[in-house]
Amino acid sequence: MSLDVLAIAAHPDDIEQTCGGTLMRMAARGYRTGALDLTAGDMGTRGTPEQRVEESEAAAKVMDLAWRGNLHFPDARLENTIAPRMTLAVKIRELQPRTVILPYWEARHPDHYRCSELGFEACFLAGLKKLDPYSEPHRPFKILYSSLYADVKPSFVVDISAEFERRMEALFCYASQYGSATEGDRLFPTQAEIRDRLGAIARFYGNLIGVKYGEPFVVKEAMAVEDIVAMPVRSI
Ligand SMILES: [Zn+2]
């Protein structure tokens, strides 16, 4: 299997909230896109890991993913140790993504920044010839950090105006999390509230590049520009 883009996230439904629109947009351009969730949300108040994985499969269809997988690492106690790092590195060798999307490296939820660290280190390990005798070395060319939940200036924003509604549809595939269940009611906002919040966030980032809805990303490297006359986004 060889993917053009692979998004790696800690929990099923993280991708739908942070970079799902970008994945859909890339799928529409003919790229093979994939999502790898590290945990199945086994510490979640609502739903079971089996349900979460089933829901993530349904969301994968809505997002036109070519592949989706779950490593079933322990939720809420994700650790960056040799075993999960190796498992992830071997998975990256199998999937051979050119571009990898990771969560931004600072976050409130420990799983999110651990996932970022694990993903970054696994991308490096995956390129080592002697890592594992049963798989071919592969080091992703590009790593993007999805920064939607971090209060940092994005390096660039992807216009997801055409994908936003379908991204909400993908998120609401997680009926155990966003349905009308009563467990943990005080902890969970309603669907309308979630749509409102995510709409406001996507609107904010879209506004930065002069479109309706956007998803922000950070890259560590400088970005190359071919034609300074054709550069988009009006100066302020
Ligand atoms: Zn999460």
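In case you missed it, the structure is sitting above this.
What you are looking at is a predicted structure, and each value in this text was computed from that prediction instead of being measured.

S.K.: Could you give an account of the coordination of the zinc ion, with specific residues and numbers?
M.R.: Geometry sets the ideal angles at a metal, namely 109.5 degrees for four tetrahedral donors and 90 or 180 degrees for six octahedral donors. Note on the zinc ion: its protein donors are His11 (ND1), Asp14 (OD), Asp14 (OD) and His112 (NE2). The metal-donor distances range over 2.1 to 2.5 Å. Around the zinc ion sit four donor atoms, and with donor-metal-donor angles ranging over 55 to 119° the site reads as irregular. Positions of the donor residues of the zinc ion along the chain correspond to the pattern H-x2-D-x97-H. Of the two residues, aspartate 14 is situated in helix H1 (residues 14–18) and histidine 112 in helix H5 (residues 110–125); the sequence distance between them amounts to 98 residues. No difference in accessibility class separates aspartate 14 from histidine 112, as the two residues are buried.

S.K.: Which residues make up the pairing of strand S7 (residues 214–218), and what values go with them?
M.R.: Of all five residues that make up S7, five are buried, and the element is covered over most of its length. Because side chains alternate across S7, one face comprises the buried residues Gly214, Pro216 and Val218, and the other comprises Glu215 and Phe217, equally buried. Two strands pair when backbone bridges link them, and strand S5 (residues 142–146) and S7 are joined in this way by two bridges, in the antiparallel orientation. Among the inter-strand pairings, serine 146 is bridged to a residue of S7, identified as phenylalanine 217. Where strand S6 (residues 156–159) meets S7, four bridges bridge the pair, whose relative direction is antiparallel. Among the inter-strand pairings, phenylalanine 156 is bridged to a residue of S7, identified as phenylalanine 217.

S.K.: Tell me what's going on with the nonpolar core, and back it up with residues and numbers.
M.R.: Core analysis: the largest hydrophobic core is formed by 32 residues, its most contacted members being Ile15, Leu23, Ile101, Met168 and Ile194. At the level of secondary structure, the elements contributing two or more residues to this core comprise strand S1 (5–9), helix H2 (20–28), helix H3 (49–62), helix H6 (164–171) and helix H8 (191–208). Isoleucine 194 has contacts with Met168, Leu171, Phe172, Tyr178 and Pro189, leaving out every residue within four places of it along the chain. Core analysis: the second largest hydrophobic core is formed by 28 residues, Ala10, Leu36, Cys115 and Ala126 among them.

Cut-offs and rules
- Residues numbered from 1 in each chain as written.
- Predicted model: local features only at pLDDT ≥ 70, side-chain atom pairs only at ≥ 80, totals over all residues.
- Heavy atoms only, no water.
- Donors = N, O, S within 2.8 Å, 3.2 Å for Na, K, Ca; no water.
- Tetrahedral: all angles 85-135°; square planar, octahedral: opposite > 155°, others 65-115°.
- Helix = DSSP H or I, 4+ residues; strand = E, 2+ residues; numbered from the N terminus.
- Buried < 20%, exposed > 50% of the residue type's maximum accessible area, 1.4 Å probe, protein only.
- Pairing = 2+ DSSP bridges.
- Core = buried A, V, L, I, M, F, W, Y, C linked by side-chain atoms within 4.5 Å.
- Contact = heavy atoms within 4.5 Å.

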